[in-house]
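Spelled out from the first residue to the last, the chains are:
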Amino acid sequence: MDRTPDDAPPPQAPAAQAPPPAYPPPRTPVPAGPPAPPQPPGGFKRGFGLGAGAALGAGLIAMIVGVVGFALLAGLLALIGSTVTSAPSTSEGTPLETVWGPEDASTTIREIAVTGPILTDSGSGGVGLFGLGTYGYDVAEQLDAMDKGDADAVLLSMDTPGGTITGSRAIADAVTRYQNRTGQPVVAFVRGMSASGGMYAMAGADQVIADHGTMIGSIGVILGPLQRYRDVTAIEGGLLGGGVTTDGGITQEYFTKGKGKDFGNPWRAITPEERRVISAGMDDEYDAFVNHVSDGRGIPERVIRNDIGAYIYSPRQAIDNGLIDTERGADEAFRRAAEIAGGDPDDTRIVAPAPLGFLESLTSARSDAEPTQAQLDRAAAAIRRSEVCAGGAAVMAVHVQVANLCR
């Protein structure tokens, strides 16, 4: 029989659906055990990490040092700058320092050094740097720049074998100009040697004082060496200079004026015509030299030519020959210079260019610093390229053989 709705069985409720599985599925827990040892990083990671850390640390340290160093340097520059600007200076602005006597002395003597070979000017080569030589034109400029109010006297500090006639005479003429312009004295003090061009330069000083054991004199001029290659058979070129092969040998000759000026020269020979021409020119230079010393020192010309000659003398012999006035040690010489300047030796100071300061060493503003060996080597090479060595036929007023300066 047909079922009626009243007879139908009750409807079934839909079955509950299970929740979707989680993603990713949870891991099954692993029973606890001893911890595994840590694994070191790979080689690249380890090297990169260490390098980066070291670089970062070094950078931080450098930054700190740089900041602190800059602050210290700024302070030093300010201190040194104030010290330099407060020091007395020459007319050209070169700072001066007291080398003898009290700082507050009322009498001042300006010291000018003439040391090493005397060249003409800075175009002659670099030996004026580092105390290896003196440029006569530079000394003349210093003297010409001085006024009466700059100092009460000048002290020429001499230690030279001489050099070029032009450089030596430039100093001598500037000494005369200074004396005439200011009416103040010039004193020469020989510390080691003042020969030939040195004698020329200081002959007009108001007084010449020599320290014990010094050498003075050599009034003469020399030209050479002049080389001759006899019977040349081959000339070899090369990277380092090459050479010459001869059958007749190589000779050298010096021309000199002044008895004994070429003492020790082992070479000889030249034509009569060359001898006459060159010797006539040297007569002019020798006459001027003799006349200058004769006027400056009050020695008769004939005595210089016939007796004193171009020999080198000890202080006692130089006094006897009238080349210097007295022999004294340095302190006694300075006290005598103070008296000549019209001052009290106990109230006189001697000033000279100050050594290179820290600021100047950074900027290379001056060239009188203590030289390095490389700088000395370059300066020595410069003198070998200078007029003394490269000129060949330059007439020199020098005591040592010219070739010895060029080695």
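Preceding this section is the structure that the text describes.
The following refers to the structure shown. Every chain is numbered independently, its residues counted from 1 as its sequence is written. Note on the predicted model: pLDDT of at least 70 is required for a residue's local features to be given, and 80 or more for side-chain atom pairs to be given and counted; whole-chain, interface and lining totals, by contrast, use all residues. Only heavy atoms go into the side-chain values, all of them from the structure, while hydrogens and water stay out.

1. What to know about the environment of Ile 219
So, point 1. For helices the rule is a DSSP run of H or I covering at least 4 residues; for strands it is a run of E covering at least 2, with both sets numbered from the N terminus onward. Here Ile 219 lies in the loop between β9 (215-217) and β10 (221-236).
So, point 2. Its relative accessible area of 0% is what places Ile 219 among the buried residues.
So, point 3. With 20 residues separating them in the primary sequence, Ile 219 and Met 199 have C-alpha atoms 7.2 Å apart.
So, point 4. Apart from residues no more than four positions distant in its own chain, Ile 219 is found in contact with Met 199, Lys 257, Gly 258, Tyr 286, Phe 289, Val 293, Ile 304, Ile 308, Gly 309, Ala 310 and Leu 323. Residue exposure (1.4 Å probe, protein chains only): buried if accessible area is under 20% of the type maximum, exposed if over 50%, otherwise partly exposed. The contact criterion used throughout is that any non-hydrogen atoms of two residues lie within 4.5 Å.

2. Quick notes on the pattern of salt bridges
So, point 1. Salt bridges are defined as contacts in which a side-chain nitrogen from Lys or Arg sits within 4 Å of a carboxyl oxygen from Asp or Glu. For the structure shown, the criterion picks out nine salt bridges.
So, point 2. Between Arg 177 and Asp 144 there is a salt bridge whose closest N-O contact spans 2.9 Å. Here Arg 177 is found in helix α3 (residues 165-182), whereas its partner Asp 144 is found in helix α2 (residues 136-145), with 33 residues between them in sequence.
So, point 3. Taking the relative accessible area as the measure of exposure, Arg 177 reaches 37% and is therefore partly exposed.
So, point 4. Here Asp 287 and Arg 305 are joined by a salt bridge, their closest N and O atoms 2.7 Å apart. Residue Asp 287 is located in helix α5 (residues 272-297), and its partner Arg 305 is located in helix α6 (residues 301-308); the two are separated by 18 residues in the primary sequence.
So, point 5. Among the residues examined, Arg 305 registers a relative accessible area of 28% and is labelled partly exposed.

3. Some remarks on the side chain of Gln 179
So, point 1. Secondary-structure assignment places Gln 179 in helix α3.
So, point 2. Identification of polar contacts relies on pairs of N or O atoms within 3.5 Å, with a donor-acceptor requirement for protein atoms, meaning one able to donate a hydrogen and the other able to accept it, and with residues adjacent in sequence counted only if both atoms are side-chain atoms. A polar contact of 2.9 Å, which involves the side chain of Gln 179, links it to the side chain of Asp 206.
So, point 3. Not counting the four nearest positions on each side in its chain, Gln 179 is found in contact with Gln 184, Val 186, Gly 204, Ala 205 and Asp 206.

4. So, α5
So, point 1. Multiplying 1.5 Å by the helix residue count minus one yields the expected span of that helix. With 26 residues, α5 extends 36 Å from end C-alpha to end C-alpha; this agrees with the ideal 38 Å at 1.5 Å per step.
So, point 2. Along α5, the residues that are buried comprise Ser 279, Met 282, Tyr 286, Phe 289, Val 290, His 292, Val 293, Ser 294 and Arg 297.

5. Here's the deal with the pairing of strand β8 (residues 207-210)
So, point 1. The alternating pattern of β8 places Gln 207 and Ile 209 on one face and Val 208 and Ala 210 on the opposite face, and all of these are buried.
So, point 2. By this definition, two strands are paired if DSSP reports at least two bridges between them. Two strands pair when backbone bridges link them, and strand β7 (residues 186-195) and β8 are joined in this way by four bridges, in the parallel orientation. Bridge pairing links Ala 188 to Val 208 in β8.
So, point 3. Handedness of the β-α-β unit built from β7, helix α4 (residues 197-202) and β8 comes out right-handed.
So, point 4. Note that β8 and strand β13 (residues 326-327) share two bridges and pair parallel. Paired with Ala 210 across the strands is Glu 327, a residue of β13. Consider the strands pointing away from the viewer: the crossover is right-handed when the path from the first strand over the helix to the second runs clockwise.

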